[in-house]
Amino acid sequence: MIPDRTLPQPMLAVIGAGPAGLFAARELANQGAQVFILNRDIKPGGLAEYGIYPGKTKMKEGLRSQFQQLLNTPNIHYYGNLVIGLHGDLTLDDLRQMGFQALLVAVGAQGTKWLGIPGEDLRGVYHAKDLVYHYNLLPPYSEMEFPIGKRVAVIGVGNVMMDIAHWLLDEQKVDEVIAVARRGPAEVKFDKKELEAIVGYVDMPAMQMEIQRATPQMLDLGQDPDELRRTLAGLLEKQPPPRNGMSFRMQFLASPVRILGDTQGQVCGLEVEQTMLVRTATGDTVAHGMGLYQTLDVDTVIFAIGDQVDSSLGLPVKGTEFLKNPQPRYPIEGNSYEVFDPEKNQVIEDIFVAGWARKASTGLVGLARKDGTNGARALLQYLATLPPRPADVDGVTERLRALNKPLVSRDDLFRLQAVERERAAQLGLPDFKFEHNLEMLQVMGLVHPLVK
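Residues numbered from 1 in each chain as written. Predicted model: local features only at pLDDT ≥ 70, side-chain atom pairs only at ≥ 80, totals over all residues. Heavy atoms only, no water.

Trainee: So what's going on with the side chain of H134? Which residues, and what values?
Mentor: Counting through the fold element by element, H134 comes out in helix α5 (residues 128–135). A distance of 3.4 Å separates the side chain of H134 from the backbone oxygen of M144, its partner in a polar contact. Setting aside residues up to four positions removed in sequence, H134 forms contacts with Y141, S142, M144, F146 and W167. (Helix = DSSP H or I, 4+ residues; strand = E, 2+ residues; numbered from the N terminus. Polar contact = N/O pair within 3.5 Å; in protein donor to acceptor, adjacent residues only side chain to side chain. Contact = heavy atoms within 4.5 Å.)

Pasting the structure below:
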């Protein structure tokens, strides 16, 4: 049943169409709101579409099916290819003036996080997220070039590092990947199952030496130095094929201090400081530098240390996150979803954040889905304090169309998906994506090809 738009209905905007934004929109729409999903990319899905390793086709298809069902909700309106922010097509204030009673920001963590060490501006230094977008064919990253050398250091030991290592070894055919970790084998952040994809590349003698080097400190901290050994041994029982000399190893207890460059401005090494693990009074483990240094012979450095939010959206930022109300009016499970203005020392009444926009680089699709739903519930509590007013859906639609740029609606999106499925079948591929925005807009009939 299509809601009667003549009745008072809240009109809300969800900015971002990753899992957090999509499930927040569904929660809001199920409560009777008219919800506009405004998305930077043409396609919805965010990191569920452009962050999962390309080979995981079944997982992606399952998520796409969920998202399509969600977008079919009658009172959800989707507009892709629309940038919200200080330098975008519309600002947050523009959205307020269009009649939205509240905004839920679920744009993820679009900023890049660096360590701030010397040499980060050298050629051959990249952020993992840019590479993930590149090999997942997200425009404009799909069109960019990322020259990769033969020996690569990846800083970080989470699931993103594992995906990057998988791509470097399987697709780029590099000679060596070294994952650099400030802490020890017991504190890696990746899912052990992710090792399956690259276990055939693991340099077992080097890994054994690294674990042995860390063993005294691990035993002092009550950690099990054999856990990672057992995981690797279990995976190696599957007897993966030999990998032609390419290798993967980890460098534990090593903190990057600077990236070295040659006379041409190209990476030629990574200097790391040996660290020592120390237990704090609160029970946490921290890594302290020991003043002992080593240079890793690499020609490419990739940061896989998480992300941070993008301040150009126009919200106050602290550290890697948008600043949230320290004393939330509408907490959900103890979390604050309300944006706070430190200059005015007060909450920004009508703006809420969810997903990685609330807490950067935390959890995968399931957690993002839950956090988006919780953010929507916090917003609904705020909405209950406002007088009801009718939603001006037609007015917003007219304003968006007046932007004089091709915006992607739900129906446009479904046409694109049908064409990509057909192209995949024609090519005998499990999946197919257009690499350029212009191609997608042409397929949807929103831009006409130039006549030669």
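Continuing now.
Trainee: Explain the confidence of the model for the protein to me, and be specific about the residues and the numbers.
Mentor: Considering every residue of the protein, the mean pLDDT works out to 92; 96% of them sit at 70 or more. Low pLDDT, under 50, characterises residues 1–6; the stretch is placed with twelve contacts to residues that sit more than four places away or in other chains. (pLDDT = per-residue confidence, 0-100.)

Trainee: Any details on the pairing of strand β12 (residues 285–296)? Residues and values, ideally.
Mentor: Judged from the nine bridges that link them, strand β11 (residues 267–279) and β12 form a sheet pairing that is antiparallel. Counterpart to E271 in the pairing with β12 is T295. (Pairing = 2+ DSSP bridges.)

Trainee: Explain the pattern of salt bridges to me, using residue names and the numbers behind them.
Mentor: Enumeration over the complete set of coordinates arrives at 25 salt bridges. Between K193 and E196 there is a salt bridge, with the nearest N and O atoms lying 3.4 Å from each other. Residue K193 is classed as exposed on the basis of its relative accessible area, which comes to 54%. For E196, a relative accessible area of 35% puts it in the partly exposed group. With a shortest N-O distance of 3.0 Å, E338 and R329 are connected by a salt bridge. The class for E338 is buried, based on a relative accessible area of 0%. Here the residues in one salt-bridge network are E49, E61, R64, D431 and K433, joined through shared partners. (Salt bridge = Lys/Arg side-chain N within 4 Å of Asp/Glu carboxyl O. Buried < 20%, exposed > 50% of the residue type's maximum accessible area, 1.4 Å probe, protein only.)

Trainee: Please set out the packing of helix α1 (residues 19–30) against helix α3 (residues 57–71) residue by residue, giving values where relevant.
Mentor: With their axes 10 Å apart at the nearest point, α1 and α3 run at an angle of 35° to one another. Where α1 crosses over α3, the two elements pack in a sense that is left-handed. Of α3, the residues touching α1 (which contributes P19, L22, F23 and R26) are Q66, F67, L70 and L71. For the contact of α1 with α3, the residue count by class is six nonpolar, one polar and one charged. (Axes fitted to C-alpha atoms, helices over the stretch in contact; angles between N-to-C directions. Left-handed = near helix turned anticlockwise from the far one by under 90°. Nonpolar A, V, L, I, M, F, W, Y, C, P; charged D, E, K, R; others polar.)

Trainee: Go over a nonpolar patch on the surface, please, and point to the residues and values.
Mentor: Taken together, M276, M290 and L292 make up a surface patch of nonpolar side chains, about 260 Å² in accessible area. Examined against the element boundaries, L292 turns out to sit in strand β12. (Patch = residues over 30% accessible without salt bridge, like charges linked within 9 Å, V, L, I, M, F, W, Y side chains within 5 Å. Areas by Shrake-Rupley, 256 points an atom, 1.4 Å probe, with all protein chains shown as cover.)

Trainee: Explain the sheet that holds β12 to me, using residue names and the numbers behind them.
Mentor: Ordered by their spatial adjacency, three strands build an open sheet running β10-β11-β12, and the pairing between neighbours is antiparallel. Here the strands that pair on one side only, and so sit at the sheet edges, are β10 (254–261) and β12. Pairwise comparison of adjacent strand axes, ignoring direction, gives a mean angle of 20° for this sheet. In this sheet, β11 lies alongside β10 in antiparallel orientation, the contact comprising seven bridges.

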